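Residues per chain, in single letters:
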Amino acid sequence: VVTNYDGRKYPTIMKGFDRVLLDSPCSGLGVISRDPSIKAQKTYKEILKLGHLQKELLLAAIDCCDFKSKTGGYIVYSTCSIAVEENEAVIDYALKNRYVKLVETGIEVGNDGLSKYKEMRFHPSLKLTKRIYPHTHNMDGFFVAKLKKYAHGVKSDDKEKDALSI
C-alpha cells in the first residue's frame, strides 16, 4: 500500500496488516561517513525531537498490525542512526506502552542492542535488537528491531495493577 498520509494517523485510516515495516525518519548519524555534514547539522535537541516522532510512528505501526494474523503480527523498526535516543529508547517506550515483545531479528551481522546506556536502563530483551556500526562492520550504521504483537490495546498501569491484584 502506498499513501500520502501522516504515519501517526494511519491507525484511524486503515488497520489489520499482517506485518509492518517502519523505516523511521532519523538523524542519519549512522551515515556520517558518507555525509559528514550531518555531524555539523544535527543538534541533540533535534535528535530528541526525532525520538518523539519515532515513538509516535512506532505506536501507530503497532496499532495498525493485527496480532491474530496466522502469518504476521510482526513490526520491524529500523533507522540509519546509532543514537540510543532514536533506537533503544524508542523500542523500550513501545514495550512499556503496547502489548508487544521483542523477537530475534534473523540478522546475523551486527552487535546486540543495549540494555543500558549512561544513566538509561532498558528492558533486558533489547539485546535481541541489532546495532550495526560503520567502524566495526564496514557498512553504514544501522539499527533494527523486530517486535511481535500479542494483544490489541494500550498498556496502562491501572490495568496491570488490576491484573496483579486478581
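Residues numbered from 1 in each chain as written. Predicted model: local features only at pLDDT ≥ 70, side-chain atom pairs only at ≥ 80, totals over all residues. Heavy atoms only, no water.

Asks: Would you take a moment to explain the overall build of the chain for this structure?
Replies: Along the backbone of the chain there are 5 helices and 8 strands. The helix and strand sequence of the chain, counted from the amino end, reads β-α-α-β-α-β-β-β-β-β-α-β-α. Since a compact globule built from 166 residues should have a radius of gyration of about 15 Å, the 16 Å found for the chain is in line with a globular shape. Once the C-alpha set of the chain is aligned to its principal axes, its extents read approximately 50 × 40 × 35 Å. Partitioning the contacts of the chain with sequence separation of at least 6, the portion at a separation of at least 24 is 73%. Per element, the accessible surface of the chain, about 9,800 Å² overall, is 54% carbon and sulfur. The centroid of the 27 positive side-chain charges in the chain is displaced by 1 Å from the centroid of its 21 negative side-chain charges. (Helix = DSSP H or I, 4+ residues; strand = E, 2+ residues; numbered from the N terminus. Rg over C-alpha atoms; globule rule 2.2 N^0.38 Å. Contact = heavy atoms within 4.5 Å. Areas by Shrake-Rupley, 256 points an atom, 1.4 Å probe, with all protein chains shown as cover. Lys, Arg positive; Asp, Glu negative; His and termini not counted. Charge placed at Lys NZ, Arg CZ, Asp CG, Glu CD.)

Asks: Where do I start with the side chain of Thr105 in this structure?
Replies: Examined against the element boundaries, Thr105 turns out to sit in the loop between β3 (98-103) and β4 (111-112). Non-local contacts of Thr105, meaning those with residues more than four positions away in its chain, are made with Leu128, Thr129, Lys130, Val144, Ala145 and Lys146.

By themselves, these are just geometric observations and shouldn't be taken as functional.
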